[in-house]
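If you want the building blocks of each chain, they are given just below.
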Amino acid sequence: MFEPDQLPHILPEYYTRARDMMSLQNRAYFLAGAGDEATLLANETAFSCARIIPRPLRETGGGSTQISLLGQSHATPFMVAPFAYHRLLDPLGETATARGAQAQSIKTVVSAQSSVDLAQIRSAAASCDWFQLYWMGSRERTLELAEIALAAGYTVLVLTIDAPVQGVRDREIEAGFQLPPDVRAVNLSAFPATRFTPLIEGQSFVFDHIAHVLPNWRDVDWLMQSVAAPVLLKGILHPDDAARAASVGAAGVIVSNHGGRVLDRAPATLEMLLEVIKRVGSEYPVLMDGGIRRGVDIFIALALGAKAVLIGRPVVCGLCVAGELGVSHVLRLLRDELEIAMLLSGCASINDIHADMVHLKL
Ligand SMILES: Cc1cc2nc3c(=O)[nH]c(=O)nc-3n(C[C@H](O)[C@H](O)[C@H](O)COP(=O)(O)O)c2cc1C
């Protein structure tokens, strides 16, 4: 369908081309952030303000980007972040994304709000074995979704805790964003709706609607004891919450503000990454996402202690521009850029990337 020379050659071209190709509604849904987009911007700015101090002349022959994480070997220290409704961008939806990522030996974290059946995605891409859960309004229903995912062959679960209610999505409201009738969160259709969009649906106060379905730490603790798989908590920003996640048995945390889509004015994830690692130590698996647009950004996050990172909007743009091939190419460009950054800074392996190689000018 695509000749190689029709694809963008550089990452920023994916971002501008996707922006131009998307409808107003899709642009508001996929690319915008909550409120004034201060957090969306802060995520990216934190990376662009960091500086890498190279260490030339070190041995870098035979280098590799491979890591080991939760007992799994990953070819790269990055994965595709869970994001919803890929079929808004490509008819094959999450299947296209998972296959495109797999072509680069990269894992996709499948969203609870995916628009393709979770078992179908899993069988389309054998390496795709991470599944993201939302709290489904009760312990039993959340466990039920987890068990459906495990039965389909997913082995690692990610519970997203930072979006119990839709953020203030001005751009979506302005654009009149609505899902078309043929795109749905198909894996959740058997569950009662739990997520609520106050500014659109709200006939009463937000608190009146939602309080009874919100999870708390006791619920998370219960889930950790009840699920027979490692569960990471996604959406941690406060160092004490990372410590609490570790104490209730989370397999790791993902420092994230949902790509600036929920609480506007939340801090940049790169800033909080440092604080979180200071609190939980460097052995505990701390991942992060938000604002990563280039291979050097991955390098910076790893230098500051992330064990791996998740990539959101760049994959959104790859899928929009060229479907499966676009996802694959975006991930390949990120990997090439990361390898170049490693070679230029004297790192043969991910373990060689240290905090003293990055100067943060926040
Ligand atoms: C359009 C969109 C939909 C998303 N949907 C989900 C979701 O269903 N579950 C989830 O845990 N995170 C979701 N996220 C957040 C991403 O997993 C990730 O945290 C974020 O995109 C990272 O920031 P970045 O886009 O700057 O890379 C979504 C993000 C976007 C952009």
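Residues numbered from 1 in each chain as written. Predicted model: local features only at pLDDT ≥ 70, side-chain atom pairs only at ≥ 80, totals over all residues. Heavy atoms only, no water.

As annotated in an unreviewed UniProt entry, the chain carries the name 4-hydroxymandelate oxidase and is attributed to Sulfitobacter guttiformis. On record in UniProt, under Cofactor (unreviewed entry), the comment for the chain is "FMN". UniProt, in the comment section headed Sequence similarities (unreviewed entry), describes the chain in these words: "Belongs to the FMN-dependent alpha-hydroxy acid dehydrogenase family." (UniProt positions renumbered as here; feature names shortened; annotations may be inferred.)

**Student:** Help me out: how do you make sense of the site of the ligand in this one?
**Tutor:** Lining the immediate environment of the ligand, one finds 22 residues, of which Pro82, Ser111, Thr160, Asp289 and Arg313 sit closest. Between the ligand and Ala84, the relevant distance is 3.3 Å, taken from a nitrogen atom to a main-chain nitrogen or oxygen of the residue. At a separation of 2.9 Å, a nitrogen atom of the ligand approaches a polar side-chain atom of Gln132. Protein coverage of the free-state accessible area of the ligand, which is 600 Å², stands at 99%. Its residues placed into classes, the shell around the ligand shows seven nonpolar, 10 polar and five charged. (Near = heavy atom within 4 Å. Polar contact = N/O pair within 3.5 Å; in protein donor to acceptor, adjacent residues only side chain to side chain. Areas by Shrake-Rupley, 256 points an atom, 1.4 Å probe, with all protein chains shown as cover. Nonpolar A, V, L, I, M, F, W, Y, C, P; charged D, E, K, R; others polar.)

**Student:** Would you explain the nonpolar core in this entry?
**Tutor:** One broad trend across soluble globular proteins is that nonpolar side chains are buried collectively. Formed by 120 residues in total, the largest nonpolar core has its most connected members in Phe131 and Met288. Contacts of Met288, omitting those with residues within four sequence positions, involve Phe47, Ile254, Val255, Thr269, Leu270, Leu273, Ala301, Ala306, Ala308, Val309 and Leu310. (Core = buried A, V, L, I, M, F, W, Y, C linked by side-chain atoms within 4.5 Å. Buried < 20%, exposed > 50% of the residue type's maximum accessible area, 1.4 Å probe, protein only. Contact = heavy atoms within 4.5 Å.)

**Student:** Whenever I open this one, the UniProt feature "binding site: glyoxylate" (unreviewed entry) in the chain confuses me. Can you help?
**Tutor:** The residues that UniProt annotates with the feature "binding site: glyoxylate" (unreviewed entry) are Tyr29, Gln132, Tyr134, Arg169 and Arg261. Positionally, Arg169 belongs in the loop between strand E7 (156–160) and helix H7 (170–175). Structurally, Arg261 is set in the loop between strand E9 (252–255) and helix H12 (269–280). For Arg261, a relative accessible area of 11% translates into the label buried. Beyond its immediate sequence surroundings of up to four residues, Arg261 is in contact with Tyr29, Ala32, Gly33, Ala34, Gly167, Arg169, Glu172 and Arg313. At 2.5 Å, the side chain of Arg261 and the backbone oxygen of Tyr29 are in polar contact. (Helix = DSSP H or I, 4+ residues; strand = E, 2+ residues; numbered from the N terminus.)

**Student:** I keep staring at the UniProt feature "active site" (unreviewed entry) in the chain and nothing clicks. Help me out?
**Tutor:** Within the UniProt annotation, "active site" (unreviewed entry) is assigned to His258. Relative to the assigned elements, His258 resides in the loop between E9 and H12. Excluding anything up to four places from it in sequence, His258 contacts Tyr134, Thr160, Asp162, Ala163 and Lys234. A polar contact is formed between the side chain of His258 and the side chain of Asp162, at a distance of 2.7 Å.

**Student:** Sorry if this is basic, but what is going on with the packing of aromatic side chains here?
**Tutor:** For any pair of aromatic rings, geometry is given as the distance between the ring centres together with the angle between the planes. One pass over the full model with this rule turns up five aromatic pairs. For the ring pair Tyr29 and Phe30, a centre distance of 4.9 Å and an interplane angle of 85 degrees mean the geometry is edge-to-face. We classify Tyr29 as buried; its relative accessible area is 8%. Between Tyr29 and Tyr85 the ring centres are 6.0 Å apart and the planes differ by 50 degrees, which places this aromatic pair in the tilted class. (Phe/Tyr/Trp six-rings, centres within 6.5 Å; stacked < 30°, edge-to-face > 60°.)

**Student:** Is there a simple way to think about the environment of His238 in this case?
**Tutor:** Along the chain, the position of His238 falls in the loop between strand E8 (231–236) and helix H11 (239–247). His238 sits in the partly exposed class, given a relative accessible area of 43%. Put simply, His238 and Val109 are 129 residues apart on the chain and 23 Å apart in space, counted from C-alpha to C-alpha.

**Student:** Would you explain the pattern of salt bridges in this entry?
**Tutor:** This model, assessed by the stated rule, comprises 13 salt bridges. Between Arg293 and Glu44 there is a salt bridge whose closest N-O contact spans 3.0 Å. Highlighted residues: Arg293 in the loop between strand E10 (286–289) and helix H13 (295–303) and Glu44 in helix H3 (residues 38–48), separated in sequence by 249 residues. The network of salt bridges with common partners includes Asp36, Asp264 and Arg265. (Salt bridge = Lys/Arg side-chain N within 4 Å of Asp/Glu carboxyl O.)

**Student:** I tried to follow the packing of helix H4 (residues 93–102) against helix H14 (residues 313–345) on my own but got confused; where do I start?
**Tutor:** In a pair of packed helices, the angle between the axes and the distance between the axes together describe the arrangement. Where H4 meets H14, the closest approach of the two axes is 7 Å, and the angle between their N-to-C directions is 25 degrees. Compared by their axis directions, H4 and H14 come out roughly parallel. Between H4 and H14 the crossing geometry is left-handed. Between H4, through Gly93, Ala96, Thr97, Arg99, Gly100 and Ala101, and H14, the contact on the second element is made entirely by Val315, Leu319, Glu324, Val327, Ser328 and Leu331. Along the lines of polarity and charge, the residues of the contact of H4 with H14 split into six nonpolar, four polar and two charged. (Axes fitted to C-alpha atoms, helices over the stretch in contact; angles between N-to-C directions. Parallel < 35°, antiparallel > 145°, perpendicular 65-115°, else oblique. Left-handed = near helix turned anticlockwise from the far one by under 90°.)

**Student:** Quick question: what am I supposed to make of the environment of Gln104 here?
**Tutor:** Residue position: Gln104 is located in the loop between H4 and strand E5 (109–110). Assessed through its relative accessible area of 15%, Gln104 is described here as buried. Sequence separation between Gln104 and Glu337 is 233 residues, and the spatial gap between their C-alpha atoms is 14 Å.

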